[in-house]
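Commentary on secondary and tertiary structure
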Amino acid sequence: MAFNSYVTEGFPRMTKVLLLLGLLMTSLHVTDAQIGVCYGTLGDNLPPPEEVVELYSQNNIQRMRLYNPNPAVLQALGSAGSNIQLMLGVPNGALQNIAASQGNANKWVETYVTNYTKVKFRYIAVGNEVSLSSSSAQFLLPAMKNINSAISAAGLDNQIKVSTAIETGVLGTSYPPSASSFQSEARSFLDPIISFLAENGVPLLVNIYPYFSYSANPQDISLDYALFTANKVIVQDGQLEYRNLFDSMVDAVYSALEEAGGDSMDIVVSESGWPSAGGTGATLDNARIYNTNLIQHVKGGTPKRPAKAIETYVFAMFDENHESPELQKHWGLFLPNKQSKYPLLCKIPTATQIVFSIE
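Scope of this entry: the structure provided in the associated data block.

How each quantity is defined
- Residues numbered from 1 in each chain as written.
- Predicted model: local features only at pLDDT ≥ 70, side-chain atom pairs only at ≥ 80, totals over all residues.
- Heavy atoms only, no water.
- Helix = DSSP H or I, 4+ residues; strand = E, 2+ residues; numbered from the N terminus.
- Buried < 20%, exposed > 50% of the residue type's maximum accessible area, 1.4 Å probe, protein only.
- Contact = heavy atoms within 4.5 Å.
- Expected span 1.5 Å × (residues − 1).
- Polar contact = N/O pair within 3.5 Å; in protein donor to acceptor, adjacent residues only side chain to side chain.
- Phe/Tyr/Trp six-rings, centres within 6.5 Å; stacked < 30°, edge-to-face > 60°.
- Lys NZ or Arg CZ within 6 Å of the ring centre and 35° of its normal.
- Axes fitted to C-alpha atoms, helices over the stretch in contact; angles between N-to-C directions.
- Parallel < 35°, antiparallel > 145°, perpendicular 65-115°, else oblique.
- Nonpolar A, V, L, I, M, F, W, Y, C, P; charged D, E, K, R; others polar.
- Pairing = 2+ DSSP bridges.
- Salt bridge = Lys/Arg side-chain N within 4 Å of Asp/Glu carboxyl O.

1. Some points on the overall build of the protein
Helix and strand content of the protein: 10 helices and 14 strands. Per-residue burial for the protein yields a buried fraction of 52% across its 359 residues. Taking the contacts inside the protein whose residues are at least 6 apart along the sequence as the reference set, 70% of them involve residues at least 24 apart.

If you want it as C-alpha cells, here you go:
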C-alpha cells in the first residue's frame, strides 16, 4: 500500500517493523492531525491509570478525553510528567449541583483542576450528549457558565476552554450537508449554548459516528462511504463533493451552526470510532480501516472547511466489559492487557522515524 493513502489493504503479520523514512513522511505525525483518544473506565479488567498514561506516551498519543474527574487518573497524569493534554468531563449527574451556585462550581474546579498543577488541562467538557428531554437539560448552560467563571477566577481562562459535547441526533435536517439545521424543538436549548461558546471563542464538541448511520441503513449508505474508502464522489452538494460520510456529518453540523448564529465557531470531534464486534459491520478489519483512515483524514479538513485540521478524539482506548449493550464493549484500540487490537499510525517518536506495532 501507499503510506500516504487511506488504508484498505491488510498488513503483513510481524511483531514490529521499523521504517526510517526521512522528512518525506512527516505528514504522518499524528499531532499534525491533533489526535486524542478517549479513556473510558467502564471495565473491571483495565490496567491501572499509571500504566494507561504510560501507554498513551509510548504510542505518542498526546491528548486524552476523560469522562469524569477520576483522582487516580489525574494523579497519574500529574506524576508522570507527561505532555498529554486533557479534556476533562463534568458528568451529567453533576450538572444540577454545579448549576446551583458559583461556590459549587468553584469547589469542583479547585478539587479537580487547580489541585493538579502538573496536569495539562485543555478543555472542560460540561456534560456529554445532554438531550433536551433529559432532566439535566435545564442545568447545562448555567453549569457551563459557572465552571467558566471558576476557571476565569483561577486565572486559567487563557489555557482551558469550557464547552459541552453534543451528538448529531440534534440535527433535524442533515442532507444535503449545506441544508442542515438543528431540530426546531432543540433550538431554544441549543441557541443560548451556541451564543455562549461563540462569545467566548470556544469550539463546540461534537460526537461524530458514521458507524451508527451506516449500521442503521446499510441499504442506502455504502460501507466504503462510511470507511473513507470510496473511490468516487458519493454526494454532490452544489460545488462541494463528498467521498466519505464523516465529512458530510461534520459539515452538516457546521451548516446548522451557521443557521443558529455560530458561523464563526470551530468544531472539535470529541468522539469518533468503529466497533470491532457486536453489530452490523462491526469487525476487526473495519475498525482498523476506519480508525486508521480517520487519523489520516482529519489533517485535511472537510469540503466546507478545507485545509483546516480537525481536532479529533478516537473512541476509545480500551474495550470496556462493563459497557452496555454488547456493541458498546468493543470500541477499543487496545485490549485490557494493553495489546493493540490492530496497527495504527500512532507511534511516531520523531519526524524521521515511524514505528508500527503489528500483532
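2. Points about helix α9 (residues 245–259)
The first and last C-alpha atoms of α9 sit 21 Å apart over 15 residues, in line with the 21 Å expected at 1.5 Å per residue. For α9, the buried fraction is high: 13 of the 15 residues fall into the buried class. Where α9 starts, the residue carrying a side-chain oxygen 3.3 Å from the main-chain nitrogen of Phe246 turns out to be Asn244. In the segment just after α9, Gly261 is the residue with positive phi, at about 90 degrees.

3. Notes on the packing of aromatic side chains
For the structure on display, the rule yields 15 aromatic pairs. Taking the centre distance of 4.9 Å and the plane angle of 80 degrees together, the rings of Tyr211 and Trp274 count as edge-to-face. Linking Tyr211 in helix α7 (residues 210–216) with Trp274 in the loop between β12 (267–272) and α10 (284–297), this pair joins segments that are 63 residues apart in sequence. Exposure class is identical for Tyr211 and Trp274. Each is buried. Each member of the aromatic cluster is reached from another via a ring pair, and the members are Tyr67, Tyr209, Tyr211, Phe212, Tyr214, Phe228, Phe246, Trp274, Tyr290, Phe315 and Trp331. Positioned above the aromatic ring of Tyr254 is the side chain of Arg305, whose terminal nitrogen or guanidinium carbon lies 3.9 Å from the ring centre.

4. Focus on the packing of helix α5 (residues 137–153) against helix α6 (residues 187–199)
Interhelical geometry of α5 versus α6 gives an angle of 10 degrees and a closest axis separation of 10 Å. Between α5 and α6, the angle is such that the two are roughly parallel. Residues Ala137, Leu140, Leu141, Met144, Lys145 and Asn148 of α5 lie in contact with α6, whose contacting residues are Phe189, Pro192, Ile193, Phe196 and Leu197. Of the residues belonging to the contact of α5 with α6, the class tally is nine nonpolar, one polar and one charged.

5. Observations regarding unusual backbone geometry
A cis amide bond links Phe315 with the next residue in sequence, Ala316, at an omega value of 10 degrees. Relative to the helices and strands, Ala316 resides in the loop between β13 (312–314) and β14 (353–357). Residues other than glycine seldom take positive phi values, yet Phe228 does so here, at roughly 70 degrees. In this structure, Phe228 sits in the loop between α8 (223–226) and β10 (235–237).

6. Things to note about the sheet that holds strand β2 (residues 35–39)
Ordered by their spatial adjacency, eight strands build a closed barrel running β2-β3-β4-β5-β6-β9-β12-β13, and the pairing between neighbours is parallel. For this sheet, the mean inter-axis angle between neighbouring strands, taken without regard to orientation, is 25 degrees. Note: β2 against β13, three bridges, orientation parallel. When the bridges of β13 are listed, Gly36 appears paired with Tyr313. Each of β2, β3 (63–66), β4 (85–90) and β5 (120–128) is contacted by helix α2 (residues 71–79), which is oriented at about 165 degrees to β3, the strand it contacts most.

7. Re α10
The terminal C-alpha atoms of α10, which comprises 14 residues, lie 20 Å apart, in line with the 20 Å expected from a rise of 1.5 Å per residue. Counted residue by residue, α10 has 12 buried out of 14 residues, so it is predominantly covered. Looking at α10, one finds that the buried residues are Asn286, Ala287, Arg288, Ile289, Tyr290, Asn291, Thr292, Asn293, Leu294, Ile295, Gln296 and His297.

8. What to know about the pattern of salt bridges
One pass over the full model with this rule turns up 11 salt bridges. A salt bridge links Glu271 to Arg65, with the shortest nitrogen-to-oxygen separation between them at 3.3 Å. Pair noted here: Glu271 is in strand β12 and Arg65 is in strand β3, with a separation of 206 residues, a long-range link. Arg65 gets classed as buried once you look at its relative accessible area, which sits at 2%. The salt bridge partner of Arg122 is Glu311, with a shortest N-O separation of 2.9 Å. On the criterion of sequence distance, the pair formed by Arg122 in strand β5 and Glu311 in the loop between α10 and β13 is long-range, its members being 189 residues apart. Comparing Arg122 with Glu311 shows no difference in burial state: the two are buried. It is possible to trace a salt-bridge network through shared partners that takes in Arg63, Arg122 and Glu311.

Any functional reading would require information that these geometric values do not contain.
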